[in-house]
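# Report on the structure
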Amino acid sequence: LANELSLKHDGVKAYRIISHNGFKTAMGVFIDTISYMPEGFRLYFWCQCLYIPFPSFDLSIGNLDDINGKWDDILPPNFANKIKPIYQKYSKIETLNDLITSLENRTIPYTASINNKYELYAYTHLILGNYNKSLAYLDKIIELEDEDIYDWVQEQIARAKTIKEYIQKNDIEKALETLKE
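Rules used throughout
Residues numbered from 1 in each chain as written. Predicted model: local features only at pLDDT ≥ 70, side-chain atom pairs only at ≥ 80, totals over all residues. Heavy atoms only, no water. Helix = DSSP H or I, 4+ residues; strand = E, 2+ residues; numbered from the N terminus. Buried < 20%, exposed > 50% of the residue type's maximum accessible area, 1.4 Å probe, protein only. Contact = heavy atoms within 4.5 Å. Areas by Shrake-Rupley, 256 points an atom, 1.4 Å probe, with all protein chains shown as cover. Core = buried A, V, L, I, M, F, W, Y, C linked by side-chain atoms within 4.5 Å. Polar contact = N/O pair within 3.5 Å; in protein donor to acceptor, adjacent residues only side chain to side chain. pLDDT = per-residue confidence, 0-100. Phe/Tyr/Trp six-rings, centres within 6.5 Å; stacked < 30°, edge-to-face > 60°. Lys NZ or Arg CZ within 6 Å of the ring centre and 35° of its normal. Axes fitted to C-alpha atoms, helices over the stretch in contact; angles between N-to-C directions. Parallel < 35°, antiparallel > 145°, perpendicular 65-115°, else oblique. Left-handed = near helix turned anticlockwise from the far one by under 90°.

The next thing to look at is the overall build of the protein chain. Along the protein chain, the regular secondary structure elements total six helices and five strands. Its helices and strands in sequence order give the protein chain the pattern β-β-β-β-β-α-α-α-α-α-α, from N to C terminus. Put simply, the protein chain has 181 residues, and 45% of those count as buried. Within the protein chain, contacts between residues at least 6 apart in sequence are counted, and of these 49% link residues at least 24 apart. Just so you have it, the protein chain exposes about 10200 Å², and 46% of that area is on carbon and sulfur atoms.

Here it is, written out as structure tokens:
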């Protein structure tokens, strides 16, 4: 499957890397079991921005849930052919600009929690040099201080405040360095 989609593979993940000035994003497909059907699988599209700390594998961008079946059927001759047309819209994402545009225009699904969406948008815009857009999303992260989810997002808020301060001081290099920490 990975070869058919021109992706590298690592176990159940097939992926490729897009990079912008050293900031990397891994994206590809992932095969997972279906909890209510242990003999079955589901195929997901995924995207992980490696410049955003995330404690687990993020399956919130895209979903190929039209592609599922039984493990015994995983390698039928037409399996890759069934996936290719669905995967095509994801394969067109070749840059971080393509990614952020697709997400903001909702041409690919993104079901992450609001705080994780804001982080992806804020930091991707920062990397792309869209500082005003980055600041707008950083403000949205910081506003989460007043929400019931504060305990869950306090590290994200602290990071957003730090990066916002650097941007406002026009110390973009320091803001970008913070993303690498």
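Grouped together as the largest cluster of nonpolar side chains are 49 residues, with contacts concentrated most on Y123 and L138. At seven residues, helix α3 (residues 114-128) tops the list of elements feeding residues into this core.

Another aspect to go through is the side chain of Q156. Looking at the secondary structure, you find Q156 in helix α5 (residues 150-168). Among the polar contacts made by the side chain of Q156, one reaches the side chain of E119 at a distance of 2.8 Å. Excluding residues that lie within four positions of it along the chain, Q156 makes contacts with N115, N116, E119, Y123 and I141.

This part covers the confidence of the model for the protein chain. When the pLDDT values of the protein chain are averaged, the result is 83; 85% of them are 70 or greater. Per-element confidence in the protein chain ranges from a low mean pLDDT of 63 for strand β5 (residues 68-70) to a high of 97 for helix α4 (residues 131-142).

A complete count under the given rule lists five aromatic pairs for this structure. Arranged with centres 3.9 Å apart and planes meeting at 20 degrees, the rings of F45 and Y90 form a pair that is stacked. Note that F45 is positioned in strand β4 (residues 37-49) and Y90 in helix α1 (residues 79-91), a separation of 45 residues in sequence. Aromatic rings pair up to connect Y110, Y118, Y121 and Y137 into one cluster. Across the ring face of Y123, the terminal group of R159 is positioned such that the distance to the ring centre comes to 5.0 Å.

Turning our attention to the packing of α3 against α4. The geometry of α3 relative to α4 is characterised by a closest axis approach of 8 Å and an angle of 155 degrees between their N-to-C directions. By the angle between their axes, α3 is roughly antiparallel relative to α4. As α3 packs across α4, the resulting crossing turns out to be left-handed. Within the contact between the two elements, α3 uses Y118, E119, Y121, A122, Y123, H125 and L126 and α4 uses Y131, K133, S134, Y137, L138, K140 and I141.

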